[in-house]
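Commentary on secondary and tertiary structure
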Amino acid sequence: MGQPKQTSSVTPLRAMSRAVCFTAFGSLLLGQTPAFAQSASLQSATSRAVSSENNRATTGAASEAGFDDESDGLAAPAANSAATNADDAQRPAIPDAQSGDDITGSILDEDIRRLNTREAPIDETLPRRKAAESASTAETPGIPIGTFVLRPSVTQSINTETTKDGNTREQRSFLETDAAATLTSDWGLHQLTVTSEGAWQKNVSGEGEEQPSFKINSDLRLDLPDDTIAHLTAGYNFYREDTDDPDAIANAAQQSDVQEFTAGASVQRDFGILRGTTALALSRSIYSDATLSNGTTVTLSDRDQTTGTLRGRVGYELSPALIPFIEATVGRTLYDETRDSAGYERSGHSYGAKAGVEVDLGEKLKGEVGVGYAMADFEDSRLSSIDTATLDASLLWSPIRGTDVNFDLQTSIQPSTTAGESGYVSHALTTTVTHQLRDNLVGTMIGGVIWRDYPTDSTINDELVYTAATGLTWNINRYLDLTSTLGYELTTRKDGDDSQQFRAGVGLKLKR
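These numbers were taken from a predicted model, which means no experiment stands behind them. (Residues numbered from 1 in each chain as written. Predicted model: local features only at pLDDT ≥ 70, side-chain atom pairs only at ≥ 80, totals over all residues. Heavy atoms only, no water.)

**Thoughts on the environment of threonine 262**
Along the chain, threonine 262 falls in strand S8 (residues 257-271). In this structure threonine 262 comes out as partly exposed when scored by relative accessible area, which is 36%. Separated by 28 residues in sequence, threonine 262 and alanine 234 place their C-alpha atoms 5.4 Å apart. Here threonine 262 is in contact with Asn217, Ala234, Gly235, Leu282 and Ser283, once residues within four sequence places are set aside. (Helix = DSSP H or I, 4+ residues; strand = E, 2+ residues; numbered from the N terminus. Buried < 20%, exposed > 50% of the residue type's maximum accessible area, 1.4 Å probe, protein only. Contact = heavy atoms within 4.5 Å.)

**Points about the packing of aromatic side chains**
All chains considered together, the criterion is met by 4 aromatic pairs. With 5.6 Å between their ring centres and 75 degrees between their planes, phenylalanine 148 and tryptophan 187 make a pair best called edge-to-face. Here phenylalanine 148 is found in strand S2 (residues 148-165), whereas its partner tryptophan 187 is found in the loop between strand S3 (168-185) and strand S4 (191-206), with 39 residues between them in sequence. Note on tryptophan 187: relative accessible area 33%, which makes it partly exposed. Between tyrosine 236 and phenylalanine 261, the aromatic rings sit 5.0 Å apart at their centres with planes inclined by 50 degrees, giving tilted as the arrangement. Separated by 25 residues along the polypeptide, tyrosine 236 in strand S6 (residues 228-240) and phenylalanine 261 in strand S8 bring together distant segments of the chain. Directly above the ring of phenylalanine 174 sits arginine 172, whose terminal nitrogen or CZ lies 4.0 Å from the centroid. (Phe/Tyr/Trp six-rings, centres within 6.5 Å; stacked < 30°, edge-to-face > 60°. Lys NZ or Arg CZ within 6 Å of the ring centre and 35° of its normal.)

**Considering the confidence of the model for the chain**
Low-pLDDT portions of the prediction should not be read for the details of their coordinates. Residue-level pLDDT values for the chain average 80, and 73% of them are 70 or greater. Under a pLDDT of 50 for its full length, residues 1-117 has, in the predicted model, 61 contacts with residues more than four places off or in other chains. (pLDDT = per-residue confidence, 0-100.)

**Notes on a negative patch on the surface**
A contiguous patch of negative charge, built from Asp165, Glu170, Glu207, Asp497 and Asp498, is present on the exposed surface. Topologically, aspartate 165 is positioned in strand S2. (Patch = residues over 30% accessible without salt bridge, like charges linked within 9 Å, V, L, I, M, F, W, Y side chains within 5 Å. Areas by Shrake-Rupley, 256 points an atom, 1.4 Å probe, with all protein chains shown as cover. Salt bridge = Lys/Arg side-chain N within 4 Å of Asp/Glu carboxyl O. Lys, Arg positive; Asp, Glu negative; His and termini not counted. Charge placed at Lys NZ, Arg CZ, Asp CG, Glu CD.)

**Observations concerning the pattern of salt bridges**
In the structure shown here, the tally under the stated rule is 22 salt bridges. Among the ionic pairs, arginine 303 bridges to glutamate 241, the shortest N-O distance being 2.9 Å. You can see arginine 303 sitting in the loop between strand S11 (297-298) and strand S12 (305-316) and its partner glutamate 241 sitting in the loop between S6 and strand S7 (252-254), a full 62 residues away along the chain. Taking relative accessible area as the criterion, arginine 303 reaches 6% and is therefore assigned buried. Glutamate 241 gets classed as buried once you look at its relative accessible area, which sits at 4%. A single network of salt bridges, built from pairs that share partners, joins Arg311, Arg313, Glu327, Glu358 and Glu368.

**A short note on the pairing of strand S9 (residues 274-287)**
Sheet faces and side chains relate simply in a regular strand, where the side chains alternate between the two faces. Two elements, S8 and S9, share 14 bridges in a ladder whose sense is antiparallel. Counted as the bridge partner of glutamate 260 is serine 285 from S9. (Pairing = 2+ DSSP bridges.)

**Topic: the pairing of strand S16 (residues 386-397)**
Relative to S16, strand S15 (residues 365-378) runs antiparallel, the two sharing 12 bridges. Bridge pairing in S16 places glutamate 368 opposite serine 394. Where S16 and strand S17 (residues 403-415) come together, 5 bridges link them in antiparallel fashion. Counted as the bridge partner of serine 394 is aspartate 408 from S17. Following S16, the chain reverses through 5 residues before pairing antiparallel with S17; glycine 402 in that reversal takes a positive phi of roughly 95 degrees.

**Structural notes on the sheet that holds S11**
Paired through their backbone hydrogen bonds, the strands of a sheet run either parallel or antiparallel. Strand order in the open sheet formed by 3 strands is S7-S10-S11, and the pairing between neighbours is antiparallel. Each of the sheet's edge strands pairs with one partner strand only, and the pair in question is S7 and S11. In the sheet, S7 pairs with strand S10 (residues 290-292) via 2 bridges, with the strands oriented antiparallel. Paired with glutamine 254 across the strands is threonine 291, a residue of S10.

**Quick look at the environment of tyrosine 466**
Here tyrosine 466 lies in strand S20 (residues 463-477). Considered as a pair, tyrosine 466 and leucine 490 are 24 residues apart in the sequence and their alpha carbons are 5.1 Å apart. Those residues within four positions of tyrosine 466 in sequence are excluded, and the remaining contacts are Gly448, Val449, Tyr488, Glu489, Leu490 and Thr492.

**Structural notes on the side chain of glutamate 327**
Following the sequence through the fold, glutamate 327 ends up in strand S13 (residues 322-335). A distance of 2.8 Å separates polar atoms of two side chains, one belonging to glutamate 327 and the other to arginine 313. Excluding anything up to four places from it in sequence, glutamate 327 contacts Arg311, Gly312, Arg313, Gly352, Ala353 and Lys354. (Polar contact = N/O pair within 3.5 Å; in protein donor to acceptor, adjacent residues only side chain to side chain.)

**Re a nonpolar patch on the surface**
Residues Ile158, Leu175, Val204, Trp474, Ile476, Leu482, Val506 and Leu508 make up a contiguous nonpolar surface patch of about 650 Å² in total accessible area. When you line up the elements, isoleucine 476 lands in strand S20. Note on isoleucine 476: relative accessible area 38%, which makes it partly exposed.

Below you can see the structure in the form of structure tokens.
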């Protein structure tokens, strides 16, 4: 088909000018695309051909009727129609897909032709751009070892410590070397993670007990079929018993060195909206002899013990961010010696149950909270059972970017080795706030309190331990940090003298 038939009385010159105007306006509106340029060229050529033919037909008809160009042209419509029909008969047909309005844009994409293009649905929006990694959060490249990556670090610091226990005051300056390392597998399936850290102290002036420590833990995660994940764990922990520990030997020049061996296995499986977990944990504790101030030793092998705990948990997934759960535990403790040095049978059983909820709101809030009940009894009838209500919580909260708040509350039963004492209930609350002051400067504040709650028939009164510490870490570069710490600890007792400890230090941390 050609151009639509003209039914108005416009002159050919006006028709041609209007066609040119429409073509120019369409070019500005639709954009100068190759397809549109081809369509506009075809439209312009067709308009010029029709206008020229109409002009010749009109001039001939006017001459025959004796009218000039300025007459009203009553015979123009008929002449135009005849010329158009004759032109249509000679011009090849244009496919229907390009006829009429389709010639001016049907070959363009629909979104290009629309002035108000549609918005993408919410689930099609682009992911938020990840924030640039700062110097304080950048991870070191590590050392490749086969299919593993090792990231070690060493911190060398100089510290001062002042301890006051009643009228006794000790002050010392010491060097401390802290070493840590993380070994992580780079496997497509399963993962093995090994973490270790240790501290070695050397007094350079004053008097005071050195506190060496070392621990290493491994966790093998097995990704099994049917939404099942298994963990195999093992660990070793070495430390020197604190003088403020209730079971510490009074007036000892050096407390006992404690070695703890741990092993465990757990299986977690999803059953649709249900999530089940079963775990078995074993621990072994070995105590060395303590050295008194006069040089004699006290044998503490009667405190060596082995403990096994079986734990089961069932969770109901209301949503991926909210999972209520119930949990039950049962444990058994066996001492190497049936009776300790005071003649008491310390072996016994432990039981516990709690209900709570797991929360996972991404970077903002994650962790769990639970309330329950725990009890421990002993084979010796002279040792009373200990039971307590429990409130446990472990939450990581990030109120703003660069600030993390770690809230930890634990309730546990701690057996005692003091003659005639069963033990006590420990309520420990610790809060750690980490804030990124600048791109390469991070501040840390720690506050905590421990309430040692003894049974009413105990001869030992309750104790409260308050701790407060602050520190700064300046990232000189990716491999070197400057650290500083300042801490204070206060132990209050209803009977007996309070004890205090103040510590400050500065060091350099080298990491790879």
